[in-house]
Amino acid sequence: MVKMLVPYPDRCTGCRFCEMACTIAHEGKINHADARLQVHRRNVKVDFPSVCTHCVSCGEDCCVLHCPVDAIKNIDGIVSVDEEECTACGTCVEVCPFGVMRMEEKAFKCDLCDGDPTCVKFCPMGAIKYEEPKPEQYDLVKKLLGEE
Amino acid sequence: MKGFTGKILKIDLTTEKNSVKTIDEKYIRKYLGGQGFAVELVYHGVPKGTDALDPNNVLAMAAGVFDGYPVPTGGKTIFAGKGPATGTLCESVMGGSIGAELRHAGFDALEIMGRASEPAYIFIEDDKVEINDARDLWGKDTRQVPELLKKKHGWDVKVACIGMAGEKLSRIACIDCDDRQAGRGGLGAVMGSKNLKAIVVRGTHDLEPADPSGLLEIALRYQKIMEAAPSFVEDTKYGTGEFLGWVNKEKGVFPTRNWQESVFAEREKIDPYYWATRYVSKNKACFACTKPCGKLFEVKSGKFAGVAIDGIEYETLYSLGGACGNADVESVARANELCDLYGIDTISAGVTVGFAMELMQRGIISEKEVGFRLTFDNAPDAVPRMIEMMGSRNGFGDILADGVKAAAKKIGKGAERYAVHTKGMEPPAYDVRGMKGHGLAYMTSTRGACHLRAGFYAPELVGKFWRWQGIDRFSPEGKGAMVATMENFMCVYDSIGLCKFSRGFFLIEKLPEVIKAISGLTFSEEELLKIGERIHNMKGNFNAREGVTRKDWLLPPRIIQDPIPDGPSKGSHITEAEMNKMLDDYMVARSWNKDGVPSPEKLKELGIE
């Protein structure tokens, strides 16, 4: 089984270190809005990370299905954007149920850091783990997102 | 120069005009960032003799050097202004994410002047700056305000706001962001006096560190160091109150029942070792903190069912717990929640309630005046009830809403004898009768009695710090120079924007590496300490200019006249001679005159005008 990012909202402290680590590892700069995962610090009770599930839990709201030019592909369980084909139309950003598809000149997204995810490394609380996908954890995040 | 944005945004609420001041490397070498920037803005921006609640007061907000960058526990935002509680230059630090967001919007600091004609909030979205109508937010608490503003502007904006206490100009009102507070000194009332309910920021710009991969390596290295330290387990399991039992049993310096005792006999009921497993469902962190001491504390049943707070911190366990004789942890949590919602500092609020309780114990105030039994033995009911009255300036709460000094003056009848404060600020949770250098630090702290301007509790309780060994907490010897040095350190940490709980990991000599990775600028340890000294001298000189000198620094009668009655520190107190000796030593160490005024030579040496 391919390992995935798995979010554990009850362990998230809302510190947002993972977002910073994500963009500095990828772009050498910090921009929370460009992070390929998002921490929601809603109120005193609720903090949670929202991550890309690489087709595991998106259902019909799937960037792969909706991309009008088939620029997003799932190859062996890893979803990636083909920059050559991407027209930056923004459809994937709109449909992404976890709000983690990103767009600048082209769409971009979580690449699992080639099997050593930076966000996981920088979360000492275990709020994001790299392990066998757990659909129930993704459902938990979807429910929390639905409340916003 | 990387790391910094090089811009300070200035907003005048009276004229509704804003401007941008650019800063260069010279400015950074002089003031560093965070507290240094905020203090500079207040020092040069507030005209002499300005009342803290006058429109001419300045409210500064600044991001620490590390703020916005991935440095573990380096996400602090610093507020400053002339403080309503003391009339001195007051800074207050919070772990909310608004400072980092401001940096993403393109500014290292914000200076707010003037007064809006109607309740207003500031909305900053990168270059766009708006002053918006906040009449519908007036009267709302610190959880309602961000909720309403996020509904309007999007869930990703960051909101710093005041509660009702700040609107009502309570001199112990705080500023809230992300359930974290810039608590001390009443800066919430400065916002209130400006008719400013909230500051809302969305920043979308990139932050580019000078050495991204180096910074990431530093971050991981420090994170591992922190995770391996015993304090990681303590903080994540029990929070800052972890050592409450130790401070009581081993050291006997936990001020209890308005400092009438120094060991809280019922402490086990408010000790995190008791409550963490029963009430805490998860950890809460400041922005960029990978070593969270915050706890989501929830009460699920009983009289206080529904209470949910980020707490309870050590200081609050003292102020709303021990200082009031309150051994009901659910009541402490409820009082903490009310402080947060109304937006008042838990330390000052709790100490003020404990003070009033002693007054009732001594017959100086009556049950009739107050409206109910405000007594130590009735604390579980009385504390939350009085906090609510203070937050809304209701009944007797109006008298207590400005802290002990103002309350003692209003009450008269010798109440001042029992008011524990320096410069008008209520003290934190260390009985300085048994830690004399920390007593000196309560006096020399530029914002009034404070454990964090020098952080001297740690060297005295542990007996060592940095390059010092064998520190005797009962002795006044050598404390003047040590406290002065520690104050300089702390000015550096608050300029860096680093959590003071991490000072043991990031000793002063460790900082240049991190600063360089962020900004590309090379600083030596000596340069950093010189900046710290400069910042402290600016605060000292501001205070002297406002007429606050040595005569106003002195310890209250309780510390001088009433020895600790029992426990491991029994019999100890700071005598008048010891107090004066420590102050004399301190002035020499600072090159200040006997009255606590910085010498012209020292100011010149530090380039302070």
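A quick note: this is a predicted structure, and the numbers were derived from the prediction, not measured.

About the cut-offs
Residues numbered from 1 in each chain as written. Chains lettered and ligands numbered in written order. Predicted model: local features only at pLDDT ≥ 70, side-chain atom pairs only at ≥ 80, totals over all residues. Helix = DSSP H or I, 4+ residues; strand = E, 2+ residues; numbered from the N terminus. Rg over C-alpha atoms; globule rule 2.2 N^0.38 Å. Buried ≥ 20, exposed ≤ 12 C-beta atoms within 10 Å, placed from the backbone. Domains from an automatic or database assignment. Pairing = 2+ DSSP bridges. Axes fitted to C-alpha atoms, helices over the stretch in contact; angles between N-to-C directions. Parallel < 35°, antiparallel > 145°, perpendicular 65-115°, else oblique. Left-handed = near helix turned anticlockwise from the far one by under 90°. Contact = placed C-beta atoms within 7 Å. Nonpolar A, V, L, I, M, F, W, Y, C, P; charged D, E, K, R; others polar. Arc of directions from axis to C-beta.

A.B. asks: A description of the overall build of chain A should follow, citing residues and the corresponding values.
C.D. replies: For chain A, the count of helices and strands is five helices and eight strands. The secondary structure elements of chain A, listed N-terminal to C-terminal, are β-α-β-β-α-β-β-α-β-β-α-β-α. For chain A, whose C-alpha radius of gyration is 14 Å, the value lies close to the compact-globule estimate of 15 Å for 148 residues. Dimensions of chain A, computed from the C-alpha atoms along their principal axes, are close to 40 × 35 × 30 Å. Looking at the 148 residues of chain A, the share that counts as buried comes to 46%.

A.B. asks: Tell me about the domain arrangement of chain B, residues and numbers included.
C.D. replies: Residue and element names in this part refer to chain B. In terms of domain boundaries, chain B breaks down into domain 1 (7-202), domain 2 (239-245 + 256-406) and domain 3 (432-606). Domain 1 and domain 3 are separated by 26 Å when their C-alpha centres are compared. Contributing elements (two or more residues each) for the side of domain 1 that touches domain 3: helix H1 (25-31), helix H2 (34-45) and strand E5 (89-94). With five residues, H2 is the largest single contributor of residues to the side of domain 1 that touches domain 3.

A.B. asks: Help me get a handle on the sheet that holds strand E6 (residues 109-113) of chain B, residues and values and all.
C.D. replies: All names here are of chain B. Strand order in the open sheet formed by six strands is E2-E1-E6-E3-E4-E5, and the pairing between neighbours is mixed. Unpaired on one side and paired on the other, strand E2 (17-22) and E5 mark the two borders of the sheet. Each adjacent strand pair in this sheet contributes to an overall mean axis angle of 15°, direction not counted. For strand E3 (residues 59-63) and strand E4 (residues 77-82), the ladder comprises four bridges, and the chain directions are antiparallel. If you follow Met61 over to E4, its bridge partner there is Phe79.

A.B. asks: Before we move on, can you summarise the packing of helix H18 (residues 436-444) of chain B against helix H24 (residues 576-590) of chain B with the specific residues and values?
C.D. replies: All names here are of chain B. Where H18 contacts H24, the two axes come as close as 10 Å, and the packing angle between them is 65°. One way to sum up the angle between H18 and H24 is to call them roughly perpendicular. Here H18 runs over H24; the crossing is right-handed. Along its contact with H18, which presents Lys436, Leu440, Met443 and Thr444, the element H24 presents Glu578, Met582, Leu583 and Tyr586. Counted by class, the contact of H18 with H24 contains five nonpolar, one polar and two charged residues.

A.B. asks: Describe helix H10 (residues 272-279) of chain B, listing the residues and the values that go with them.
C.D. replies: One turn of the α-helix equals 3.6 residues, which is why residues spaced by three or four share an orientation. Residues and elements named next belong to chain B. For H10, every residue scored as buried is listed here: Pro272, Trp275 and Tyr279. End-on, the buried residues of H10 take up no more than an arc of 80°, which puts them together on one face. Opposite the packed face of H10, turned more than 90 degrees from it, sit the exposed residues Thr277 and Arg278. Residues of H10 that are buried sit in contact with helix H8 (230-238), helix H9 (244-251), strand E13 (280-284), strand E14 (294-298) and helix H12 (329-342).

A.B. asks: If you had to explain the sheet that holds E14 of chain B to someone new, which residues and values would you point to?
C.D. replies: Residue and element names in this part refer to chain B. A sheet is described by the order of its strands in space; here three strands give the open sequence E13-E14-E15, paired in antiparallel fashion. The open sheet has two free edges, formed respectively by E13 and strand E15 (308-310), since each of these has just one partner strand. The mean angle between the axes of side-by-side strands here comes to 20°, regardless of whether they run parallel or antiparallel. In the sheet, E13 pairs with E14 via four bridges, with the strands oriented antiparallel. Residue pairing in the sheet places Lys284 in a bridge with Gly294 of E14.

A.B. asks: Break down unusual backbone geometry for me, with residues and values.
C.D. replies: The omega torsion of the bond from Gly311 of chain B to Ile312 of chain B falls at 0°, within 30 degrees of zero and hence cis. In this structure, Ile312 of chain B sits in the loop between E15 and helix H11 (314-321). Its identity is not glycine, yet Ala88 of chain A carries a phi of approximately 60°, on the positive side. Turning to its location among the elements, Ala88 of chain A is positioned in the loop between strand E5 (78-81) and helix H3 (91-95). Here Ala88 of chain A falls in the partly exposed class, since 14 other C-beta atoms lie within 10 Å of it. Its identity is not glycine, yet Asn195 of chain B carries a phi of approximately 60°, on the positive side. As for its placement among the helices and strands, Asn195 of chain B is situated in the loop between helix H6 (187-193) and strand E12 (196-202).

A.B. asks: Which residues make up the interface of chain A and chain B, and what values do they have?
C.D. replies: Counting residues at the interface gives 26 residues for chain A and 32 residues for chain B. Ranked by residue count, the leading element in the side of chain A that touches chain B is helix H1 (residues 17-27) of chain A, at five residues. Split into classes, the residues belonging to the side of chain A that touches chain B amount to twelve nonpolar, six polar and eight charged.

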